[in-house]
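Below are the chains, spelled out letter by letter.
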Amino acid sequence: MFDAFFDVVVIGGGHAGCEAAAAAARCGAHTLLLTHRIETLGEMSCNPAIGGVGKGHLVREVDALDGLMGRAADAAGIHFKLLNRSKGPAVRGPRAQADRALYRQAIQALLRATEGLTIAAEAAEDLVTGAEGEVIGVVTATGQQIRAGAVVITSGTFLRGMIHIGETRIPAGRVSEAPSIGLSDTLRRLGLPLARLKTGTPPRLDGRSIDWAALEPQPGDDPPEPLSWMTERITNSQRPCAITATTPATHDLIRANLHRTAVYGGRIEGVGPRYCPSIEDKVVRFADRQRHQIFLEPEGLEDDTVYPNGISTSLPEALQAALIASIPGLERARILRPGYAIEYDHVDPRALTPALEVRTTPRLFLAGQINGTTGYEEAAAQGLLAGINAARRAGGAVPDRMLGRSDAYAGVMVDDLILQGVTEPYRMLTARSEFRLALRADNAGLRLTEKGIAWGVVGSDRAAAHRAFVAALEAAMARARTEGGSPAWYAAAGVTVNQDGRWRSALEALALPVMTRTDADRIFPWLRELPRRVRSELEAQALYAPYLERQAAELRALAREEQLAIPKGIDFALVPGLSAEMRQRLMQARPATLGSAGRIPGITPAALAALAVHLRRGEVRFT
């Protein structure tokens with residue numbers, strides 16, 4: 001019946017698909033990546049940037065588990081910026097703008113170098129299911145049937161994708177690429193809950209027609225800070241960006257033509273992203289604002305295309321030209337490609353387990369925008385986790401490679417998705433985590449790489465580099481805890497501390513507001529000899545030490561709740577003290593632990609207490 005067999009088949013070659021396929025292969029699974037066109041693997045469909053606040057945390061976590069995104073961004077990066085540099089390490093976000101062509105090349109090179117991975121230019125049209133409803137294979141558009149131990153769908157915006165430019169509607173997954181209709185029909189046939197979402201892009205501009213001299217330049221960091229810990233330094237030439245903004249004339253034009261946009265004209269039903277709205281949404285929602293900032297981002301070293309970040313639009317093409325001309329510095333700018341909105345199907349992520357496997361369809365995993373998220377980084381993190389768990393399932397093991405809320409922002413995201421679902425495209429924000437002091441971008445490797453080594457997804461080169469870094473950091477921490485002095489000793493060294501007679505270690509002193517880096521280098525000269533990463537991590541740990549001790553107690557309390565497992569198939573109707581509403585919410589979400597039950601919207605403390613008593617009595621009955 002089947003033409004070929006693979007342990008894991010990944011459908012879709014976007015950011016989620018590339019990470020899923022590479023991760024599954026690194027875990028030892030014989031993996032096939034199906035994509036419409038091999039030359040578009042690693043395509044940056046929207047903005048030419050990776051990272052940012054929240055998103056940069058995800059990139060570092062993907063990198064800590066030996067993923068591709070950080071290394072590819074470093075190989076392609078032409079403008080690096082550590083956002084929130086003036087704030088604490090917990091909310092700093094590394095970001096890189098990339099040369100689109102170089103990013104594609106880097107991803108494709110990394111995929112080609114991945115042992116056990118096969119790539120094929122085929123569209124997936126259907127799934128084959130077994131007697132128990134589990135997925136056992138994929139049917140391609142050419143009729144080929146491929147048997148699979150597990151399947152990961154990372155369809156991005158392709159499921160019944162529809163591009164909107166004013167009144168014009170174009171069926172497409174992205175520009176010049178056909179949508180996936182058959183796969184959407186398959187998911188509906190399998191009973192998965194589908195809904196529509198939308199996202200969009202701005203018009204692309206010809207940089208040669210922009211009046212750069214009239215704009216405020218935005219240089220990158222010097223030296224640029226890599227996104228991957230495996231990158232020693234950035235070797236690409238760097239390019240500056242520039243800032244401009246909309247004007248009252250821009251807003252007047254938009255208000256006069258809202259009826260000609262896809263959303264306000266009633267031609268689109270999908271909900272757009274709250275935290276990355278179209279310029280039409282900004283003008284409507286923030287009617288009192290006179291200007292909205294626009295970042296002009298070069299798309300490549302040998303490419304004159306510029307991405308005007310901040311003016312995503314679905315206005316008709318002629319009106320987009322007028323909109324651009326109303327913006328300072330862009331009065332004579334030429335549009336190379338109009339902006340557009342794109343609407344697509346997604347699956348309600350509450351249908352998934354914490355391993356991103358469909359509850360009702362074993363061996364089927366979903367990752368990326370199909371789960372209601374937006375952004376390259378959110379997709380990559382899901383893809384990596386889905387790939388690891390698909391490899392587990394295909395190998396006959398339980399897909400239990402999961403990250404908790406206290407482990408990683410990726411764990412926060414998955415927990416949010418599967419318990420709360422989405423009403424709009426989900427974007428990672430640092431505010432979503434209750435443990436953000438511990439989940440910093442700088443310590444992602446310390447949090448996750450050993451876990452990745454145990455999971456078998458981290459290669460030997462990264463494992464060796466990680467363990468060398470940990471050894472150096474532990475040695476520096478030990479020395480910083482043992483060296484120090486009294487207030488008088490610090491005063492003699494030129495640093496005034498509270499005269500309480502208490503001995504303070506170097507680690508404590510590094511967190512003092514009065515201790516500058518120059519002072520620290522003078523008092524503790526050995527600090528100057530530390531590698532840059534070790535020094536930075538030492539300072540971060542010193543700064544947050546008092547808070548992390550308090551947060552550690554909260555984490556232990558959370559762990560106790562998370563360890564109280566809710567058996568699969570429990571009959572919530574038999575739990576005494578639960579109202580009909582609480583039973584319905586629990587039945588729909590099917591939480592795996594008492595802690596996750598507490599994060600279901602609408603679950604009351606009384607319901608949690610009743611469930612806890614029932615679980616601890618051990619008299620659980622099943623449906």
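Look up: the structure comes first, before these words.
Scoring rules and cut-offs
- Residues numbered from 1 in each chain as written.
- Predicted model: local features only at pLDDT ≥ 70, side-chain atom pairs only at ≥ 80, totals over all residues.
- Heavy atoms only, no water.
- Helix = DSSP H or I, 4+ residues; strand = E, 2+ residues; numbered from the N terminus.
- Rg over C-alpha atoms; globule rule 2.2 N^0.38 Å.
- Buried < 20%, exposed > 50% of the residue type's maximum accessible area, 1.4 Å probe, protein only.
- Contact = heavy atoms within 4.5 Å.
- Areas by Shrake-Rupley, 256 points an atom, 1.4 Å probe, with all protein chains shown as cover.
- Lys, Arg positive; Asp, Glu negative; His and termini not counted.
- Charge placed at Lys NZ, Arg CZ, Asp CG, Glu CD.
- Core = buried A, V, L, I, M, F, W, Y, C linked by side-chain atoms within 4.5 Å.
- Phe/Tyr/Trp six-rings, centres within 6.5 Å; stacked < 30°, edge-to-face > 60°.
- Pairing = 2+ DSSP bridges.
- Axes fitted to C-alpha atoms, helices over the stretch in contact; angles between N-to-C directions.
- Salt bridge = Lys/Arg side-chain N within 4 Å of Asp/Glu carboxyl O.
- Polar contact = N/O pair within 3.5 Å; in protein donor to acceptor, adjacent residues only side chain to side chain.
- 1 Å grid on protein atoms, 1.4 Å probe; cavity = no way out; pocket = protein on both sides within 12 Å on 5 of 7 lines; lining within 4 Å.
- Points joined across faces, edges and corners; volume = space filled by probe spheres on them.
- Nonpolar A, V, L, I, M, F, W, Y, C, P; charged D, E, K, R; others polar.

Chemist: Teacher, can you tell me more about the overall build of the chain here?
Modeler: A count of helical and extended segments in the chain gives 19 helices and 22 strands. Radius of gyration (C-alpha) of the chain: 26 Å, near the 25 Å computed for a compact globule of 623 residues. By its C-alpha atoms, the chain is 80 × 75 × 50 Å across when sized along the principal axes. For the chain, with 623 residues in total, the buried portion stands at 56%. Within the chain, counting contacts between residues at least 6 apart in sequence, those at least 24 apart form 72% of the total. Counting every atom, the chain has about 25200 Å² of accessible surface; 52% of that belongs to carbon and sulfur. Taking the average place of the 72 positive charges on the side chains of the chain and the average place of its 69 negative ones, the gap between the two points comes to 3 Å.

Chemist: For this particular structure, what's the right way to read the nonpolar core?
Modeler: As a rule of thumb, nonpolar side chains are buried together in soluble globular proteins. Counting 113 residues, the largest nonpolar core has Val9, Tyr103, Val151 and Ile153 as the members making the most contacts within it. It is helix 9 (residues 376-394) that contributes the most residues to this core, ten residues altogether. Residues in contact with Val151, not counting those within four places in the same chain, are Val9, Ile11, Leu127, Val135, Val138, Arg363, Leu364 and Phe365. Grouped together as the second largest cluster of nonpolar side chains are 23 residues, Leu473, Ala480, Tyr490 and Ala542 included.

Chemist: It is not clear to me how the packing of aromatic side chains should be interpreted in this structure. Could you clarify?
Modeler: Both the distance between ring centres and the angle between the ring planes are used here to describe each pair of aromatic rings. Considering all chains together, one arrives at three aromatic pairs under this definition. When the ring of Trp489 is compared with that of Phe524, the centres are 6.0 Å apart and the planes differ by 45 degrees; the resulting orientation is tilted. Of this pair, Trp489 sits in helix 13 (residues 487-492) while Phe524 sits in the loop between helix 15 (517-523) and helix 16 (532-563), and the two are 35 residues apart along the sequence. Between Tyr490 and Phe524, the ring centres sit 6.5 Å apart and the planes meet at 65 degrees, which makes this aromatic pair edge-to-face. Of the two residues, Tyr490 sits in helix 13 while Phe524 sits in the loop between helix 15 and helix 16, which places them 34 residues apart along the sequence.

Chemist: Is there a simple way to explain the sheet that holds strand 11 (residues 168-171) in this structure?
Modeler: Within a sheet, neighbouring strands are paired by backbone hydrogen bonds and run either parallel or antiparallel to one another. Strand order in the open sheet made by the four strands is 11-10-19-12, with antiparallel pairing throughout. The outermost strands of the open sheet, each flanked by one partner alone, are strand 11 and strand 12 (194-201). For this sheet, the mean inter-axis angle between neighbouring strands, taken without regard to orientation, is 25 degrees. Inspection of the sheet shows strand 10 (residues 162-165) paired to strand 19 (residues 340-347) by three bridges, in the antiparallel sense. In the strand pairing of strand 19, His164 is matched with Ala341.

Chemist: Is there a simple way to think about helix 2 (residues 55-64) in this case?
Modeler: Every α-helical turn comprises 3.6 residues, leaving residues that sit three or four positions apart pointing alike. The buried fraction of helix 2 is high, at ten of ten residues. Looking only at helix 2, the buried set comprises Lys55, Gly56, His57, Leu58, Val59, Arg60, Glu61, Val62, Asp63 and Ala64. Positive backbone phi, at 70 degrees, marks Asp66, one or two positions downstream of helix 2.

Chemist: Please explain the pattern of salt bridges as it appears in this structure.
Modeler: A side chain of one charge can pair with a side chain of the opposite charge when the charged atoms of the two come close. Enumeration according to the criterion identifies 46 salt bridges in this entry. Arg440 is paired through a salt bridge with Glu537; the nearest N and O atoms lie 2.9 Å apart. Taken together, the residues Arg440 in the loop between helix 10 (409-420) and helix 11 (444-455) and Glu537 in helix 16 connect sequence positions 97 residues apart. Overlapping salt bridges bring together Arg160, Asp185, Arg188, Arg196, Glu343 and Asp345 as one network.

Chemist: I keep staring at the side chain of Arg204 and nothing clicks. Help me out?
Modeler: Along the chain, the position of Arg204 falls in strand 13 (residues 204-206). Of note is the side chain of Arg204, whose polar atom sits 3.2 Å from the backbone oxygen of Cys46. For Arg204, the side chain forms a polar contact with the main-chain oxygen of Pro202, separated by 3.1 Å. Contact partners of Arg204, with chain neighbours within four places excluded, come to Ser45, Cys46, Arg100, Glu299, Thr305, Val306, Tyr307, Arg334, Ile335, Leu336 and Arg337.

Chemist: For this particular structure, what's the right way to read empty space enclosed by the protein?
Modeler: Summary: where empty space remains is shown by rolling a probe the size of a single water molecule over the atoms. Tallied over the full model, the rule gives three cavities of 30 Å³ or more. For the largest cavity, the calculated volume is near 100 Å³. Every residue lining the largest cavity is listed: Ala64, Trp229, Met230, Gly445, Thr449, Arg462, Ala465, His466, Phe469 and Arg533. Those elements giving two or more residues to the lining of the largest cavity turn out to be helix 11 and helix 12 (460-482). Of the residues forming the lining of the largest cavity, the biggest block, four residues, is contributed by helix 12. Its residues assigned to classes, the lining of the largest cavity shows five nonpolar, three polar and two charged. In this structure, the second largest cavity occupies an estimated 60 Å³ of space. Considering the residues around the second largest cavity, the lining is formed by 14 residues, among which Lys198, Ser278, Glu280, Ser314 and Ala341 are closest to the centre. Of all the elements in the fold, those that place two or more residues in the lining of the second largest cavity are strand 12, helix 7 (279-285) and strand 19. Among the elements that line the lining of the second largest cavity, the one with the most residues is strand 12, at three residues.

Chemist: Explain the environment of Ala16 here, please?
Modeler: Locating Ala16 in the fold gives a position in helix 1 (residues 15-26). Sequence-wise, Ala16 and Ala379 are 363 residues apart; in three dimensions their C-alpha atoms are separated by 4.6 Å. In contact with Ala16, other than residues within four places in its own chain, are Thr154, Ala367, Gly368, Ala379, Ala380 and Gly383.

Chemist: What exactly am I supposed to notice about the layout of surface pockets here?
Modeler: The computed volume of the second largest pocket comes to approximately 920 Å³. Forming the boundary of the second largest pocket are 38 residues, of which Arg85, Arg92, Arg517, Ser536 and Glu539 lie nearest the centre. Broken down by secondary-structure element, the contributors of at least two residues to the lining of the second largest pocket are helix 15 and helix 16. A per-element tally of the lining of the second largest pocket places helix 16 first, with eight residues. Looking at side-chain class alone, the lining of the second largest pocket contains 18 nonpolar, four polar and 16 charged residues.

Chemist: Mind showing me how you'd approach the pairing of strand 17 (residues 305-309) here?
Modeler: Residues in a regular strand project their side chains so that they alternate between the two faces of the sheet. With four of its five residues buried, strand 17 lies for the most part within the structure. Where strand 13 lies against strand 17, two bridges are found, and the strand directions are antiparallel. Looking across to strand 17, one finds that Leu205 is bridged to Val306. Counting the residues in the hairpin turn of strand 16 (residues 293-298) and strand 17 gives six residues.

Chemist: Would you mind showing me how to read the sheet that holds strand 14 (residues 216-218) here?
Modeler: Here we have six strands laid out as an open sheet, ordered 14-15-16-17-13-18, and antiparallel in their pairing. A strand with exactly one partner marks an edge of an open sheet, and here the two such strands are strand 14 and strand 18 (335-337). Averaged over neighbouring strand pairs, the angle between their axes works out to 35 degrees when direction is ignored.

Chemist: Help me understand unusual backbone geometry, please; the structure alone is not making it clear to me.
Modeler: Most peptide bonds take the trans configuration, and most residues that are not glycine carry a negative phi. Of the consecutive residues Asp222 and Pro223, the connecting peptide bond is found in the cis state with omega at 5 degrees. Within the secondary structure layout, Pro223 lies in the loop between strand 14 and strand 15 (241-245). The phi torsion at Leu356 lies on the positive side, around 70 degrees, for a residue other than glycine. Structurally, the position occupied by Leu356 is in the loop between strand 19 and strand 20 (364-366). Residue Leu356 is classed as buried on the basis of its relative accessible area, which comes to 1%.

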